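One-letter residues, chain by chain:
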Amino acid sequence: MLLYLWTLPMNVVSWILVRLTRCRQDQIFGDWFLPEGSWLDRLMLKHGILAFTPGSAYIVFRHGVRPNVNLWQHEFTHQEQHCRYGPFFLPVYFWYSLKSKLAGTGWYRGNKLEREARGE
Ligand SMILES: [Zn+2]
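Only a predicted model underlies this, so the values are computations on that prediction, with no experimental measurement involved.

1. Thoughts on the overall build of the chain
Of the regular secondary structure elements, the chain holds five helices and four strands. In sequence order, the chain lays out its α and β elements as α-β-β-α-β-β-α-α-α. Relative to the 2.2 N^0.38 estimate, which gives 14 Å for 120 residues, the radius of gyration of the chain is 14 Å and therefore close to what a compact globule would have. In terms of its C-alpha atoms, the chain occupies a principal-axis envelope of roughly 40 × 40 × 25 Å. Burial status across the chain gives 23% buried among its 120 residues. Counted over contacts in the chain with a minimum sequence separation of 6, partners at least 24 positions apart contribute 50%.

2. Quick look at the pairing of strand S4 (residues 58-61)
Side chains of S4 alternate between two faces, with Tyr58 and Val60 and Ile59 and Phe61 buried alike. Note that strand S2 (residues 32-33) and S4 share two bridges and pair parallel. For tryptophan 32, the partnering residue across the bridge sits in S4 and is valine 60. Pairing between strand S3 (residues 51-55) and S4: three bridges, direction antiparallel. Residue phenylalanine 52 lies in a different strand from S4, and its bridge partner there is valine 60. Joining the antiparallel neighbours S3 and S4 is a turn of two residues.

Each value, and the rule that gives it
Numbers given for residues are sequential positions, taken from 1 along each chain in its written order. This being a predicted model, a pLDDT of at least 70 is required before a residue's local features are given, and a value of 80 or more before pairs of side-chain atoms are given or counted; all residues contribute to the totals for chains, interfaces and linings. Runs of H or I in DSSP of at least four residues are treated as helices and runs of E of at least two as strands, each being numbered from the N terminus. Radius of gyration here uses only the C-alpha atoms, and the compact-globule reference equals 2.2 Å multiplied by the residue count raised to the power 0.38. Between the buried cut of 20 or more and the exposed cut of 12 or fewer other C-beta atoms within 10 Å of a residue's own C-beta lies the partly exposed class, and all C-beta atoms are placed from the backbone. Throughout, a pair of residues is in contact if the C-beta atoms placed from their backbones lie within 7 Å. Paired strands are those between which DSSP finds at least two bridges.

Nothing here speaks to function; it is geometry throughout.
So, in C-alpha coordinates, the structure goes:
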(Lines give C-alpha, C1' and ligand atoms only; values in the text may rest on other atoms or scores of the structure.)
Protein backbone atom coordinates (compact mmCIF):
# COMPACT_ATOMS: atom_id res chain seq x y z
CA MET A 1 0.00 0.00 0.00
CA LEU A 2 2.78 2.45 0.91
CA LEU A 3 4.72 1.58 -2.25
CA TYR A 4 1.56 2.21 -4.26
CA LEU A 5 1.18 5.69 -2.73
CA TRP A 6 4.94 6.40 -3.00
CA THR A 7 4.94 5.66 -6.74
CA LEU A 8 1.49 7.08 -7.48
CA PRO A 9 2.53 10.60 -8.58
CA MET A 10 4.89 9.38 -11.33
CA ASN A 11 2.42 6.68 -12.37
CA VAL A 12 -0.32 9.32 -12.73
CA VAL A 13 2.05 11.37 -14.91
CA SER A 14 2.82 8.19 -16.88
CA TRP A 15 -0.85 7.38 -17.32
CA ILE A 16 -1.52 10.89 -18.66
CA LEU A 17 1.49 10.60 -20.99
CA VAL A 18 0.41 7.27 -22.52
CA ARG A 19 -3.13 8.62 -22.99
CA LEU A 20 -2.02 11.90 -24.57
CA THR A 21 0.39 10.15 -26.93
CA ARG A 22 -2.19 7.47 -27.81
CA CYS A 23 0.12 4.61 -26.91
CA ARG A 24 -1.03 1.07 -27.67
CA GLN A 25 -0.62 -1.54 -24.93
CA ASP A 26 0.87 -4.95 -25.74
CA GLN A 27 -1.71 -7.53 -24.70
CA ILE A 28 0.82 -10.12 -23.52
CA PHE A 29 3.50 -8.19 -21.64
CA GLY A 30 1.59 -4.98 -20.86
CA ASP A 31 4.22 -2.66 -22.28
CA TRP A 32 3.18 0.50 -24.12
CA PHE A 33 4.14 1.35 -27.70
CA LEU A 34 4.04 4.78 -29.28
CA PRO A 35 2.11 5.26 -32.51
CA GLU A 36 4.30 5.47 -35.59
CA GLY A 37 5.28 9.01 -36.48
CA SER A 38 3.89 10.64 -33.34
CA TRP A 39 5.89 13.59 -32.02
CA LEU A 40 7.38 11.55 -29.16
CA ASP A 41 8.15 8.61 -31.45
CA ARG A 42 9.99 10.93 -33.84
CA LEU A 43 11.83 12.64 -30.97
CA MET A 44 13.01 9.29 -29.59
CA LEU A 45 14.05 8.14 -33.08
CA LYS A 46 16.05 11.33 -33.56
CA HIS A 47 17.97 10.73 -30.32
CA GLY A 48 18.32 6.96 -30.70
CA ILE A 49 16.11 6.17 -27.71
CA LEU A 50 14.38 2.78 -27.84
CA ALA A 51 12.34 3.02 -24.63
CA PHE A 52 11.87 4.88 -21.39
CA THR A 53 10.24 4.24 -18.05
CA PRO A 54 8.13 7.18 -16.87
CA GLY A 55 6.87 5.36 -13.75
CA SER A 56 7.10 2.08 -11.87
CA ALA A 57 4.05 0.72 -13.70
CA TYR A 58 4.93 1.83 -17.23
CA ILE A 59 7.54 1.09 -19.89
CA VAL A 60 7.07 2.97 -23.18
CA PHE A 61 8.73 1.70 -26.37
CA ARG A 62 9.21 3.47 -29.65
CA HIS A 63 7.01 2.21 -32.46
CA GLY A 64 8.27 -1.01 -34.02
CA VAL A 65 10.88 -1.77 -31.34
CA ARG A 66 11.17 -5.44 -30.49
CA PRO A 67 12.29 -5.50 -26.85
CA ASN A 68 14.98 -7.99 -25.92
CA VAL A 69 16.10 -9.21 -22.50
CA ASN A 70 18.81 -6.55 -22.18
CA LEU A 71 16.41 -3.72 -22.98
CA TRP A 72 13.77 -5.05 -20.60
CA GLN A 73 16.37 -5.51 -17.85
CA HIS A 74 17.49 -1.90 -18.35
CA GLU A 75 13.91 -0.62 -18.06
CA PHE A 76 13.13 -2.97 -15.11
CA THR A 77 16.03 -1.33 -13.27
CA HIS A 78 14.45 2.07 -13.92
CA GLN A 79 11.17 0.69 -12.51
CA GLU A 80 13.06 -0.32 -9.36
CA GLN A 81 14.54 3.18 -9.19
CA HIS A 82 11.03 4.64 -9.37
CA CYS A 83 10.12 2.44 -6.38
CA ARG A 84 13.22 3.72 -4.55
CA TYR A 85 12.81 7.43 -5.27
CA GLY A 86 9.03 7.69 -5.75
CA PRO A 87 7.92 11.27 -6.44
CA PHE A 88 11.56 12.42 -6.30
CA PHE A 89 12.67 10.31 -9.27
CA LEU A 90 12.86 13.21 -11.73
CA PRO A 91 14.81 15.56 -9.44
CA VAL A 92 17.20 12.71 -8.53
CA TYR A 93 17.60 11.78 -12.21
CA PHE A 94 18.25 15.42 -13.13
CA TRP A 95 20.76 15.78 -10.28
CA TYR A 96 22.78 12.78 -11.50
CA SER A 97 22.56 14.08 -15.08
CA LEU A 98 23.91 17.45 -13.96
CA LYS A 99 26.74 15.80 -11.99
CA SER A 100 27.58 13.68 -15.02
CA LYS A 101 27.55 16.66 -17.38
CA LEU A 102 29.79 18.68 -15.05
CA ALA A 103 32.15 15.69 -14.78
CA GLY A 104 32.44 15.59 -18.58
CA THR A 105 30.57 12.31 -19.13
CA GLY A 106 27.46 13.85 -20.70
CA TRP A 107 23.89 14.17 -19.50
CA TYR A 108 23.06 10.50 -20.12
CA ARG A 109 26.09 8.23 -20.37
CA GLY A 110 27.58 9.06 -16.96
CA ASN A 111 24.27 9.44 -15.11
CA LYS A 112 24.46 7.18 -12.05
CA LEU A 113 20.94 5.81 -12.63
CA GLU A 114 21.74 4.97 -16.26
CA ARG A 115 25.02 3.31 -15.28
CA GLU A 116 23.12 1.21 -12.74
CA ALA A 117 20.55 0.27 -15.42
CA ARG A 118 23.40 -0.80 -17.71
CA GLY A 119 24.80 -2.97 -14.93
CA GLU A 120 28.00 -0.91 -14.58
ZN1 LIG B 1 17.96 4.17 -19.08
